[in-house]
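Chain by chain, the residues run as shown.
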Amino acid sequence: MLAYAIRRLLVLIPIMWIVATAVFLLLHSAPGDPAAFMLGSDASAEQQAELRHNLGLDRPLYQQYFDWLGKAVRGDLGESIFLGKPVTSALAERAEPTILLGSLALIVSLIIGLVTGVLSAVRRASWLDLSLMSGAMAGVAVPTFVTGLLLIYIFAVKLRWLPVAGYEPISAGLWPCLRYLILPAITLGAFEAAFLSRMTRSMMLEVIGQDYVRTARAKGLVERDVIVRHTLRNAFVPLLTIIGLMVAALMSGAVVTEQIFAIPGMGRLLIQAVVRRDFPLVQGAVLVIAMLYVLTNLLVDLLTRVVDPRIEL
Amino acid sequence: MSDGIIRSLQRKSFSRRGFLVAGLGVAGAALLQACGGQEPLETATSASSASTSSSSAATSAATTTTSTGGAGTPTAESTTAAVATSAPTKPADVEHKKGGTINVAIIGEPPVTADAMFTTNFITTDITRQIYEGLFAQDSKLGPKPMLLDAFEVSEDGLTYTFKLRSGVKFHNGDTMDADDVVASLTRWGKMTGRGKQIFALMAPDGLKAADPQTVTLALTQPAGVLPVFLALYEGFITTKEVCDAIGTNKMPDDQIVGTGPFKFKEHQVDRYIKLDRFEDYSARNDEADGLAGKKVVYIDELNIIPVPNISVATSGVITGEYHFARDVDNNQLDVLKTSPGVTAIIKKPGGWICLNYNKKMGAFTDKKLRQAVSMCFDREQTLIAAYGVKELTRMDPSIAAPETIWYSQAGKDVYEKVDQEEAKKLVQESSYDGSPIRWLTTKEYLYHYNTAAYVQQQMEAIGLKVELLVSDWATVVERRAKPEVYEMLVAGLSGSWMPATQLFNDSSWPGFWESEQRDELVGKMIEESDPNKLQQTIDAYQALIYDELPIMKIGDNFSLQAIRDEVVGFDTGANDWYFWNCSLK
């Protein structure tokens, strides 16, 4: 397993290079000028050209590419044009809100998604199944910004239980931090839960008709053990892959949710960087996110092997 | 803008800008906010540069005068309308209590915290206004009044300005302001801003000098009656010579924010807040408060400016009391605000205006007949409603400068009001239009762009034109609009509170590419003119020229919607942009 992990880590290098190059080329070939955004439209062409020169954006593209790549290899992702600080620091500052939000949303989605998915499968074709799957369908169909705004309306504007938006770091205390994250975590978690619920139901139904499940029942095992130990565990292998991708998505920043709830996380940083054409920041953020996906995938593969030792890596 | 005007000045021997009721209604806007964040730059700029002149300031340039009280001859009307059940409390009605924090929701992060010389971004200018002051400030009628000056004199020929500085004015770092600071700041202004460059293009060699520690002189080669107006804008702020020397023309880092204003910079956490504290050693003027001019007293301890990218959420935050003031509110939430207790909706006037901006350098609209045809083919009011959704937030008016300013003009009203599709069809037939699709750059990032395009497109097709909407994100529109070969028209959002001479389309290199010697001459006259009557005549002639040549076609005015909680007493900024001195918390 160790050799496999090392091999996968080595594959990370060409993947990162391909991602870095693709992002660089795409960004620089897309229209849009960070100097125009920074200075405002009142600025003359001369002022914009001067700023572009100061930022090094008037150099040949290949030169900009190799300069950036050379630094990136050494761990220097450059400086954000808009924020005027190193990209690595900007990303590090945004890690806490994103990790906290992502973790809470993951908890919400796992609890809701797995429980409703299993219940639906076990009570297949019942009113409960129909209700839960209708809810899941709605959860997948309703965009997160609508869910978020509705939750704000109910819990912040009408009931006044929670703040509408904002963020307090964990250093300010657990509750001050959590109260800002509850609504966004439910918003984000509900969307992922709906997807997970449907996938869990499908996987469970595939397994529930297998011979070994019938055998378990024939042996007189209680239904709870049949479901949890024999059915869910076997259905869990493909689910693990889905959950792994969910983790990567949640940890790399929930763009819309962070924007709506004004959470200063990586998702909000990334979308702003795209809008402002902050090239170094977008390049750096995409690299980090790509790495997160690759590493999470590796972790999922290793975990799969732990859950099901028959799987060869 | 600036380059074109400078060229024109130099060329001529011269004489011469239920909440989502409750839900799906604002969903589209919410998504846009989630993915976007900033206003289009012209609109942003407009908020930042509410320039207006004062006829008395202009007059002062023509004759040798000494002013101690300022300059404006107000003709403007009251410009802030409370539309909810209770109006904002007037400053005179209340007793102020000291203390507390006011939370302000703004739509995003500034590209630089408080350097209005570096950028015209409206968030930057909003913050600059709280921290810095200039030699002049805009009074409640948007005219220039002395701020850091005790007095100023203008020579009889209008070429030499002598500025007497107030003594003992403290910077936030404890230093006392002197003439060297003013010279250094104005020099930076002259290098970095469009208006500063206009003035410095007219400057005599070594024209800006510190005559003594409390006196600055500015000598010009040609009169510039507009100087006090320009210096009253936020970009003409004064900081220390040390800061100017340290940063040059680079953007100002947060640790160099040193002004003389009533608030001092405390802390900036990107995407979380910008905190400003009351400046305890603030050197207030003694004359009566008047807009951004006069006596300023800060009662609150702290101003907490919070970026809230989603304007629906910002409005909800005002309703719940988390924010005291939301600078930008979704138009669709006007009715929600009207029924929310403890909140007052504010329709901010003057605002901006939108127009069709034709590409006059290449393509179909180089033919004036086609510009005339399109300009008379669509109903202005319907277009405004399509663009902004709420009629209360719009106004039909032909003027380049809003009625709230002293540059208001009705010249060209007949052209503005003329809508005649039959005549438009004839003009299309008489024109050189060859049936090719008219490419219209637009974006859904700012819905008024797209909504306007979608509505006018139908009207244009009704008169026999083919129209192709090229929809992209805003950054792409900004890049493409500089290339005359890739489009025929687009919508532009411009400021109604700018002096017409400073409108962006006066620059022939600005998208739309309006070249006109007559325009250059009139703009030059506006810059130079100090006599209010002659200035008005020039503005009338300039506006008539616009409605004759039709480089653009104005559609109408729009106003922004803001919201404030009733706990804030004394907040009544009138025509000026928002500020939180001379008001307090209950």
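Below, the structure is looked at part by part. Remember, predicted model here, so these are calculated numbers, not experimental data.

Remarks on the overall build of chain A
- On a plain count of helices and strands, chain A comes out with 13 helices and 0 strands.
- Each helix and strand of chain A, ordered N terminal to C terminal, gives the series α-α-α-α-α-α-α-α-α-α-α-α-α.
- Expressed as a percentage of its 313 residues, the buried residues of chain A come to 50%.
- A fraction of 71% describes how many contacts in chain A between residues 6 or more apart in sequence connect residues 24 or more apart.

Structural notes on the overall build of chain B
- A count of helical and extended segments in chain B gives 19 helices and 21 strands.
- The buried share among the 586 residues of chain B stands at 66%.
- Accessible area for chain B stands at about 18600 Å²; split by element, carbon and sulfur atoms hold 48% of it.

Some thoughts on the packing of helix α13 (residues 380-388) of chain B against helix α16 (residues 447-462) of chain B
All names here are of chain B.
- For the pair α13 and α16, the least separation of the axes is 7 Å and the interaxial angle reads 140°. The angle between α13 and α16 places the two elements in the oblique class. The interaxial crossing formed by α13 with α16 has right-handed handedness. Counted together, Q382, T383, A386, A387 and Y388 of α13 and Y448, N451, T452, Y455 and V456 of α16 form the full contact between these two elements.
- A class-by-class count of the residues in the contact of α13 with α16 yields 6 nonpolar, 4 polar and no charged.

Remarks on the nonpolar core
- Residues L135, F163, L303, F505 and F580 of chain B are the most contacted members of the largest nonpolar core, which totals 143 residues.
- The biggest single contributor to this core is helix α13 (residues 279-307) of chain A, with 8 residues.
- Sequence-distant contacts of L135 of chain B, defined by excluding residues within four places in its chain, comprise K145, P146, M147, L148, L149, F163, L165, V182, L186, L231, G236 and I238 of chain B.
- Formed by 63 residues, the second largest nonpolar core is a distinct cluster that contains L149, V213 and M246 of chain A together with Y323 of chain B.

Regarding the environment of P34 of chain A
All names here are of chain A.
- Inspection of the secondary structure puts P34 in helix α2 (residues 34-39).
- Owing to a relative accessible area of 2%, P34 belongs among the buried residues under this scheme.
- Separated by 170 residues in sequence, P34 and M204 place their C-alpha atoms 50 Å apart.
- Leave out the neighbours within four places in its chain, and P34 touches L57, I81, R276, R277 and F279.

Description of the pattern of salt bridges
Residue and element names in this part refer to chain B.
- Within this structure, the stated rule accounts for 40 salt bridges over all chains.
- We note a salt bridge from K241 to D245, for which the minimum N-O separation is 2.9 Å. Here the residue K241 and the residue D245 both occupy positions in helix α9 (residues 241-247), the gap between them amounting to 4 residues, near one helical turn.
- The exposure class of K241 is partly exposed, given its relative accessible area of 32%.
- For D245, a relative accessible area of 52% corresponds to the exposed category.
- A salt bridge links K554 to D557; the nearest nitrogen and oxygen atoms lie 2.7 Å apart.

Remarks on the side chain of K296 of chain B
All names here are of chain B.
- Looking at the element boundaries, K296 is found in the loop between β11 (273-278) and β12 (302-307).
- In terms of polar contacts, K296 uses its side chain to reach the side chain of E133, at 3.0 Å.
- Contact partners of K296, with chain neighbours within four places excluded, come to E133, M147, P262, Y282, A284, W581 and N582.

Regarding unusual backbone geometry
All names here are of chain B.
- For the peptide bond that leads from K349 to P350, omega is -5°, which places it in the cis range.
- With respect to the secondary-structure elements, P350 resides in strand β14 (residues 343-358).
- With phi around 55°, D206 is a residue other than glycine that occupies positive phi space.
- Summarising the element assignment, D206 is placed in strand β8 (residues 203-212).
- Backbone geometry at N582 places phi at a positive 60°, although glycine is not the residue there.
- Among the structural elements, N582 can be located in the loop between β20 (568-569) and β21 (584-585).

Some points on the pairing of strand β9 (residues 215-220) of chain B
All names here are of chain B.
- Taking burial as the measure, the 6 residues of β9 include 5 buried ones, the bulk of the element.
- In terms of strand pairing, strand β7 (residues 160-165) meets β9 through 5 bridges, oriented antiparallel. Considered in β9, the bridge of T162 is made with T217.
- Pairing analysis gives 5 bridges linking β8 to β9, with the strands arranged antiparallel. Paired with M203 across the two strands is L220, which belongs to β9.
- The turn linking β8 back onto β9 is made up of 2 residues.

How each quantity is defined
Residues numbered from 1 in each chain as written. Chains lettered and ligands numbered in written order. Predicted model: local features only at pLDDT ≥ 70, side-chain atom pairs only at ≥ 80, totals over all residues. Heavy atoms only, no water. Helix = DSSP H or I, 4+ residues; strand = E, 2+ residues; numbered from the N terminus. Buried < 20%, exposed > 50% of the residue type's maximum accessible area, 1.4 Å probe, protein only. Contact = heavy atoms within 4.5 Å. Areas by Shrake-Rupley, 256 points an atom, 1.4 Å probe, with all protein chains shown as cover. Axes fitted to C-alpha atoms, helices over the stretch in contact; angles between N-to-C directions. Parallel < 35°, antiparallel > 145°, perpendicular 65-115°, else oblique. Left-handed = near helix turned anticlockwise from the far one by under 90°. Nonpolar A, V, L, I, M, F, W, Y, C, P; charged D, E, K, R; others polar. Core = buried A, V, L, I, M, F, W, Y, C linked by side-chain atoms within 4.5 Å. Salt bridge = Lys/Arg side-chain N within 4 Å of Asp/Glu carboxyl O. Polar contact = N/O pair within 3.5 Å; in protein donor to acceptor, adjacent residues only side chain to side chain. Pairing = 2+ DSSP bridges.

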